[in-house]
Amino acid sequence: GRLNRNVNVPCETPPPPPGGGPTTIYWYLHMENAERCVTPGTEVTFNWVTKQHNVNEINQNQYESCTGFTNNIPYTGNCIWTAPSVPETYYFACGMGGSRHYHCKHGMKAKIHVRTVCTL
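The rules behind these values
- Residues numbered from 1 in each chain as written.
- Predicted model: local features only at pLDDT ≥ 70, side-chain atom pairs only at ≥ 80, totals over all residues.
- Heavy atoms only, no water.
- Pairing = 2+ DSSP bridges.
- Helix = DSSP H or I, 4+ residues; strand = E, 2+ residues; numbered from the N terminus.
- Axes fitted to C-alpha atoms, helices over the stretch in contact; angles between N-to-C directions.
- Buried < 20%, exposed > 50% of the residue type's maximum accessible area, 1.4 Å probe, protein only.
- Lys, Arg positive; Asp, Glu negative; His and termini not counted.
- Salt bridge = Lys/Arg side-chain N within 4 Å of Asp/Glu carboxyl O.
- Polar contact = N/O pair within 3.5 Å; in protein donor to acceptor, adjacent residues only side chain to side chain.
- Contact = heavy atoms within 4.5 Å.
- Phe/Tyr/Trp six-rings, centres within 6.5 Å; stacked < 30°, edge-to-face > 60°.
- Lys NZ or Arg CZ within 6 Å of the ring centre and 35° of its normal.

Trainee: Before we go on, may I ask you to explain the sheet that holds strand S4 (residues 56-58) in this structure?
Mentor: Sheet strands associate in pairs through backbone hydrogen bonding, adopting either a parallel or an antiparallel arrangement. Ordered by their spatial adjacency, four strands build an open sheet running S2-S7-S6-S4, and the pairing between neighbours is mixed. Since the sheet does not close on itself, it has two edges, and those belong to strand S2 (34-38) and S4, each with one partner. Strand-to-strand, the axes of this sheet are offset by a mean angle of 25°, without reference to chain direction. Relative to strand S7 (residues 109-114), strand S6 (residues 89-93) is paired through five bridges, and the arrangement is antiparallel. Following the sheet pairing, tyrosine 91 is matched in S7 by lysine 111.

The following block contains the structure:
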């Protein structure tokens with residue numbers, strides 16, 4: 001695996017909990033794209049340490065191409081997203097890395113499926 005020299009950030013995102021319960025996504029450059037299934041009302045925590053990242057809720061085309069979103073203001077810490085009651089797939093990406101969205105193109109994106117029942 002990739003060696004992460006920042007000891008405060010784990011090298012891997014923990015596995016999703018069974019049944020779609022609350023989950024954490026460790027948010028860092030060169031991570032593997034995260035994918036989770038959660039039930040409505042569940043909290044998803046995007047966790048990072050330094051003020052170098054952000055989280056943008058985007059659409060599927062923006063997710064796939066890493067283009068078309070403009071929020072590039074970094075902030076420190078966690079971002080907690082609560083899954084809405086509408087079962088569908090939601091997409092997220094880090095907007096940092098300049099106009100070419102370097103962070104998104106290098107792993108910092110997540111796909112969250114909101115379902116009434118999540119199965120492994």
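There's more to say after this.
Trainee: Explanation requested: the side chain of lysine 109 in the structure shown.
Mentor: Mapped onto the fold, lysine 109 is located in strand S7. Of the buried charged residues, lysine 109 lacks a salt bridge, with glutamate 64 as the closest side chain of opposite charge at 8.1 Å. From its side chain, lysine 109 meets the backbone oxygen of tyrosine 63 in a polar contact 2.8 Å long. With near-sequence residues (within four places) excluded, lysine 109 lies in contact with Trp27, Met31, Asn33, Ala34, Tyr63, Glu64, Cys66, Phe92, Ala93 and Cys104.

Trainee: How do you make sense of the packing of aromatic side chains when you look at a structure like this?
Mentor: For any two aromatic rings, the description comes down to two numbers: the centre-to-centre distance and the angle of the planes. This structure, assessed with the given rule, holds six aromatic pairs. Note on tyrosine 63 and tyrosine 91: the rings are 5.1 Å apart at their centroids and 50° apart in plane angle, and the pair reads as tilted. Here tyrosine 91 lies in strand S6 and tyrosine 63 lies in helix H1 (residues 60-65), a separation of 28 residues in the sequence. Considered together, tyrosine 63 and tyrosine 91 belong to a single accessibility category, that of buried residues. One aromatic cluster in this structure is built from Trp27, Phe46, Trp81, Tyr90 and Phe92. Between lysine 109 and the ring centre of tyrosine 63, over which it is positioned, the NZ or CZ distance is 4.6 Å.

Trainee: What's the story with the environment of valine 114 in this structure? I'm lost.
Mentor: Counting through the fold element by element, valine 114 comes out in strand S7. Look at valine 114 and you get buried, because its relative accessible area is 0%. Residues valine 114 and proline 84 lie 30 residues apart in sequence; the distance between their C-alpha atoms is 7.6 Å. Beyond its immediate stretch of four places on either side in the chain, valine 114 contacts Val38, Thr39, Pro40, Trp81, Ala83, Pro84, Val86, Pro87, Glu88 and Tyr90.

Trainee: Can you walk me through the environment of asparagine 33 in this structure?
Mentor: By the secondary structure assignment, asparagine 33 is in the loop between strand S1 (23-26) and S2. Discounting chain neighbours no more than four positions away, the residues touching asparagine 33 are Tyr63, Gly107 and Lys109. Among the polar contacts made by the side chain of asparagine 33, one reaches the main-chain carbonyl oxygen of glycine 107 at a distance of 3.2 Å.

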